[in-house]
Structures are given as C-alpha cells and as structure tokens.
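# Structural description and commentary
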Amino acid sequence: MTSRRMVSLVTGTLVVAVLLPILLSIWLARYQAEQRFYRELASYTQNINQLASVVIDESKAALNEINRIDSQTCEPSHLQAMRRVAFTYRFVQEVIFIKGSQALCSSLEQESHISPFPEPERVNNEGYRFWFTPSNDLGINHYMIAMSHHDHMVVLDPRSFIDVLPLATWSIDSAIIGLTRNRVIISSAPLSLAVWQHMHDHNLTRYEDAGIVYSMFRHTQTNFAVVVWASSHPMKAASNQQLMLWLPVGVLISLLAAALMLRLLKRLQSPRARLQDAIHSREFTVCYQPIMRLSDNKFVGAEALIRWPQADGSLLTPDIFIPLAEQSGLIREITRLVIEKVFSEMGSWLHQHPDYHVSINLAADDIADNALLALLTARCQHYQVSSRQIALEITERGFADPQRTAPIVEQFHRAGHPIYIDDFGTGYSSLSYLQNLAVDVLKIDKSFVDSLEYNTVAPHIIDMAKHLQLELVAEGIESARQAQWLCEHGVQYGQGWLYSKALRGNELQLWCENYPGSTVARTTR
C-alpha cells in the first residue's frame with residue numbers, strides 16, 4: 001500500500017474512531033433501555049401465561065374431584081360437595097351441575113335458573129369445554145369463563161388470569177380476548193380494538209402504535225388471547241438516563257482513539273517512521289548481482305544489494321531510501337540487517353565454495369561503528385567462512401576525512417576483508433588518499449562504463465589503479481562490446497545486465513550451476 005493510500009486510510013479510520021464510540025454509546029443507551037423494557041414486558045406476559053396454566057390446571061382438578069362424587073342429582077350431599085369444591089379451590093367461583101346444556105343446580109343455588117348454555121366456544125383434546133358467558137344465577141352482567149367436563153362445570157373469574165403484579169417501574173395493562181367471537185372478556189384498561197384486530201389479522205406477537213408497545217400470546221387450551229401493553233415513554237426516559245451514563249464514556253474513548261490515530265497518522269506521514277518500522281519488521285530483502293572475471297567469463301562473487309519491497313509489489317532501490325537512512329541515523333541498523341541476511345542466505349554456500357565472495361556496502365557511519373567488525377568476525381566463524389570472502393564496499397564519501405577513517409579501514413583490512421572503493425571517480429577523488437588507505441579494489445561507476453568511447457575518465461581510472469596496483473571492477477556492463485573494451489584495457493572484473501540482473505540468494509546459486517563454464521555444478525556434486 002502506498003504512503004498516500006495509507007494516509008487516506010488512516011484519516012478515514014480517524015473519523016470512524018472519533019464518531020463510532022459516540023454513536024455506539026448512544027446506541028448502547030437506547031439498546032439497554034429497550035432490552036430492559038421488553039424484558040419486563042415479556043416477563044409480565046410470561047407470568048400471565050403461567051398463571052393461566054395454573055388456573056386451568058386447578059379447574060381440571062376441581063372438575064375431576066366433583067365428578068367422582070356418587071350422589072343423586074342436586075341432593076343435599078351433592079350440593080354440599082359442590083360447595084366444598086368451590087370453597088377449596090381458590091380460582092373457582094362456582095360449581096354447576098348440568099345436563100346437556102341446561103344448568104340444574106350449583107354451589108350457590110339449589111335450583112339454577114340460568115338459561116341453557118350455547119355451544120361451547122372450544123372443546124380441547126381432553127374433552128374439556130369452554131365458554132365465555134355472562135350467564136349466572138345472580139343476574140349480574142359480568143363475563144365469566146366456564147369450563148366443564150362430563151356433568152359438572154366450574155365458573156372462573158377472568159381477572160384470575162391477569163391478576164399479576166408487574167415488577168416494572170411503569171404501568172403495564174392486560175386484557176383477555178375470546179378468539180371465537182373476537183370479544184374482550186376482561187381488560188385492566190381500554191384496549192384499542194383496531195390494534196387488536198391488526199395484530200390478530202397479521203398474526204403478530206409484538207406491535208407498536210402511537211407510543212404504545214403491545215405483546216400478545218394465545219392460550220391454546222382455552223382459545224383465548226392475552227394482550228399486554230405499556231407506554232414506551234418510560235423506555236425513552238430510561239434511554240436518556242442510560243445516555244447520561246454512556247455518552248461521557250463514548251466521548252472519552254473517542255478522544256483517546258483520536259489521540260492514538262493522530263499519533264499513528266503522524267508516524268505514517270513521517271518517512272523516518274516508515275523506514276524504522278520496515279527495519280523492525282525486517283521487510284528488506286537482499287539481492288545479489290554476479291561479479292564475473294572478464295578474461296574468461298567465470299563467476300567469482302556477487303555484490304549484496306538491499307531492496308525494500310512495497311505493498312504494490314514494487315521494490316525501492318537503495319538510492320531512494322539509503323540517503324534517508326543516513327540522515328535519520330538508521331543506516332547502521334540497515335547495514336546490520338544486510339549482514340545478517342547475507343550470512344543466513346549465503347553463509348553455507350560460501351563455506352562450500354571458498355573461492356567465491358560477497359561484497360557488502362558500508363556507509364560513512366558504518367565505518368565508525370566499532371561493533372561492526374566484531375559482528376563480521378562472529379558470523380564468519382559461525383559459518384566457517386573466510387574473512388576474505390566478505391568484501392566491504394565503501395563509497396568515496398566515506399573517505400572524506402582520511403585521517404579519521406584510515407585507521408578503522410585498516411582494522412577491517414587486517415582482519416582479512418578486502419576493501420573496495422565504490423563508484424570511484426564520482427566523489428572525493430584524490431590520489432593522495434588512495435595512497436594512505438588500505439584499499440584493494442576500485443569500482444568503476446556505470447556512468448563511465450556507459451560512455452567508454454566518449455570520455456577519458458575510465459582510462460584515467462584504469463591507469464591510476466595500475467599505478468597503485470589495485471584491481472578493478474566495472475559496474476553496469478550491458479553489452480559484449482563494453483566487456484571486451486574493459487578487458488582489453490586491463491579491467492579484471494565486471495558486473496551488469498550482460499551477465500545477470502540482481503538475484504535472490506537461492507536464484508543466484510541456481511544461476512551459478514547453470515551458467516556456461518561455471519564450476520559450481522561440479523564442485524557441489
């Protein structure tokens with residue numbers, strides 16, 4: 001991912017990070033209030049359902065008991081038994097003895113004057129019959145629920161089914177509706193028939209209208225429905241209370257997230273931070289460009305070249321990020337990373353081929369790193385690689401202060417590491433500093449190789465190297481004609497696309513095995 005895309009992503013994430021906690025706190029406050037409201041409404045509905053089951057079960061027990069009485073119709077003992085059942089069972093208001101649809105007597109009257117009962121509104125699988133009727137011996141116009149089995153009937157007050165105290169802090173109302181004729185049997189408060197009809201027609205269990213939340217369940221045994229409803233205003237008030245709790249938390253999280261994202265954005269916008277992150281995550285790779293002996297085209301070694309892979313698949317070359325690393329003081333970490341990778345990728349291979357070498361580029365700051373020589377020595381010993389197989393390439397800028405750098409370069413040289421001067425002729429060129437430094441090889445820059453026939457710099461460098469008895473490596477050879485000219489003028493080694501591009505470690509080893517005239521295949525078998 002490019003830096004611009006990364007910054008855009010982080011900026012978008014910053015906006016989300018600021019807004020999301022606040023929006024989440026608002027949602028959470030409303031969600032908790034709603035959950036509490038619906039939980040208490042559902043709990044109240046469930047309690048009514050459980051109470052209805054208790055009433056029905058008790059009514060069945062009362063009917064079973066009275067049906068076991070063996071006595072003559074409406075005799076004193078029979079009336080006494082019906083009164084005892086009505087008194088014993090809490091929800092039973094009256095026990096009636098019936099024949100067909102006609103009530104003959106009851107626990108209240110020795111002779112019943114109730115009109116014949118119509119067809120029951122429901123008969124369940126167990127043979128129990130149910131009515132919703134205002135008929136009674138007292139002449140009171142009050143709907144009751146009647147339940148019969150065989151020759152007896154128990155009369156129940158519908159309020160028994162909804163006589164539940166709500167545990168909520170707000171008012172909850174309920175109603176019982178007979179499903180056969182769609183009529184309200186009992187209600188704790190007026191119920192909107194339009195709402196009920198809408199829920200019934202659409203088979204809804206929850207519905208909200210005009211700020212009222214309705215909940216309904218159907219009692220299958222008795223063929224009635226229970227509707228429970230409550231105003232949503234307490235829920236909104238509770239939501240506001242919860243918001244007073246959660247909103248400060250959301251704002252605090254937003255501020256923390258904003259601070260964190262701004263810090264991250266600042267780091268992402270900082271090239272130094274990106275480079276440092278890449279070093280710590282070891283994103284860099286090392287490629288190796290073969291170095292050939294020009295006289296016979298034999299492979300002798302390779303230059304280690306660092307690359308920085310990007311998310312889009314491209315590779316940044318050292319000329320882009322090495323100056324930044326030098327300016328920001330990170331070059332030593334990169335050099336150590338290169339050394340570690342060179343030995344881990346090529347150490348065993350170099351041990352098997354003692355005539356080959358790998359050259360590693362050093363910056364000016366690396367020369368002053370007293371621990372660098374110890375690192376090279378330790379790695380050479382670990383992989384059993386001769387120090388002469390690890391050459392060190394130093395640009396001319398590294399010798400800007402020969403008096404300071406000469407003793408340090410001498411230490412590397414005494415340890416057995418060949419010293420190359422990279423890009424010779426493009427920087428601080430002076431015959432005097434070459435005479436005072438322990439240098440083994442000069443590298444002719446590609447810019448001079450590209451124009452061999454049109455300038456006199458390359459011949460001058462070659463003459464200087466011969467005078468100082470230094471070997472030469474020409475960079476950037478792209479044609480056989482260039483290679484021939486350089487060889488004829490005394491340049492011993494060369495590298496460039498004429499032979500190969502820079503390769504990964506395993507690719508280089510495979511290339512060496514297949515390159516014409518190579519001795520690698522023979523020595524590794």
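Please read all numbers here as calculations on a predicted model, not as lab measurements.

Before going further, it helps to examine the state of the cysteines. Taken as a whole, this structure holds one disulfide when the rule is applied. Each sulfur of the disulfide joining Cys74 and Cys105 lies 2.0 Å from the other. Classification of the bridge connecting Cys74 and Cys105 rests on its S-S torsion, roughly -95 degrees, and on that basis the disulfide is left-handed. Highlighted residues: Cys74 in the loop between helix H1 (3-67) and helix H2 (76-88) and Cys105 in strand E2 (residues 102-106), separated in sequence by 31 residues. For the residue pair Cys74 and Cys105, the accessibility class agrees, reading buried in each case.

What follows covers the nonpolar core. Counting 76 residues, the largest nonpolar core has Phe284 and Ile334 as the members making the most contacts within it. In contact with Phe284, not counting residues within four places along its chain, are Leu275, Ala278, Ile279, Ile306, Arg307, Trp308, Pro309, Phe321, Ile334, Leu337 and Lys341. Tyr38, Met82, Ile145 and Ile176 belong to the second-largest nonpolar core, a separate cluster that totals 45 residues.

This part is about the sheet that holds strand E1 (residues 92-99). Ordered by their spatial adjacency, six strands build an open sheet running E2-E1-E6-E5-E4-E3, and the pairing between neighbours is antiparallel. With partners counted over all chains shown, the strands left at the sheet margins are E2 and strand E3 (122-123), one partner each. One ladder, built from five bridges, connects strand E5 (residues 144-149) with strand E6 (residues 152-156); its direction is antiparallel. The partner of His149 across the bridge, within E6, is His152.

What follows is about the sheet that holds strand E10 (residues 212-219). Read across the sheet, five strands follow the order E8-E7-E11-E10-E9 without closing on themselves; strand pairing throughout is antiparallel. Each edge of the open sheet carries a strand with a single partner, namely strand E8 (183-187) and strand E9 (206-209). For this sheet the average axis-to-axis angle between neighbouring strands, irrespective of direction, equals 25 degrees. With four bridges connecting them, strand E7 (residues 173-178) and E8 associate as antiparallel partners. Bridge pairing in E8 places Ile176 opposite Ile186. The strands that helix H4 (residues 193-201) touches are E7, E8, E9, E10 and strand E11 (224-231); relative to E10, the one it contacts most, it runs at about 55 degrees.

With respect to burial, E11 is a largely interior element, seven of its eight residues being buried. By the bridge criterion, six bridges tie E7 to E11 in an arrangement that is antiparallel. Across the sheet, residue Gly178 finds its bridge partner in E11, namely Phe224. Of the strand pairs in this sheet, E10 and E11 are connected by eight bridges, and their pairing is antiparallel. Residue pairing across strands places Phe217 opposite Val226, the latter belonging to E11.

Let us look at helix H6 (residues 271-280). All of the buried residues in H6 are Ala273, Leu275, Gln276, Ala278 and Ile279. Trailing H6 by a residue or two, Arg282 shows a phi angle of about 55 degrees, which is positive.

This part takes up the environment of Asn47. Looking at the secondary structure, you find Asn47 in helix H1. Judged by its relative accessible area of 25%, Asn47 falls in the partly exposed class. Residues Asn47 and Ile162, spaced 115 residues apart in sequence, show a C-alpha to C-alpha distance of 8.8 Å.

How each quantity is defined
Residues numbered from 1 in each chain as written. Predicted model: local features only at pLDDT ≥ 70, side-chain atom pairs only at ≥ 80, totals over all residues. Heavy atoms only, no water. Disulfide = S-S within 2.5 Å. Helix = DSSP H or I, 4+ residues; strand = E, 2+ residues; numbered from the N terminus. Buried < 20%, exposed > 50% of the residue type's maximum accessible area, 1.4 Å probe, protein only. Core = buried A, V, L, I, M, F, W, Y, C linked by side-chain atoms within 4.5 Å. Contact = heavy atoms within 4.5 Å. Pairing = 2+ DSSP bridges. Axes fitted to C-alpha atoms, helices over the stretch in contact; angles between N-to-C directions.

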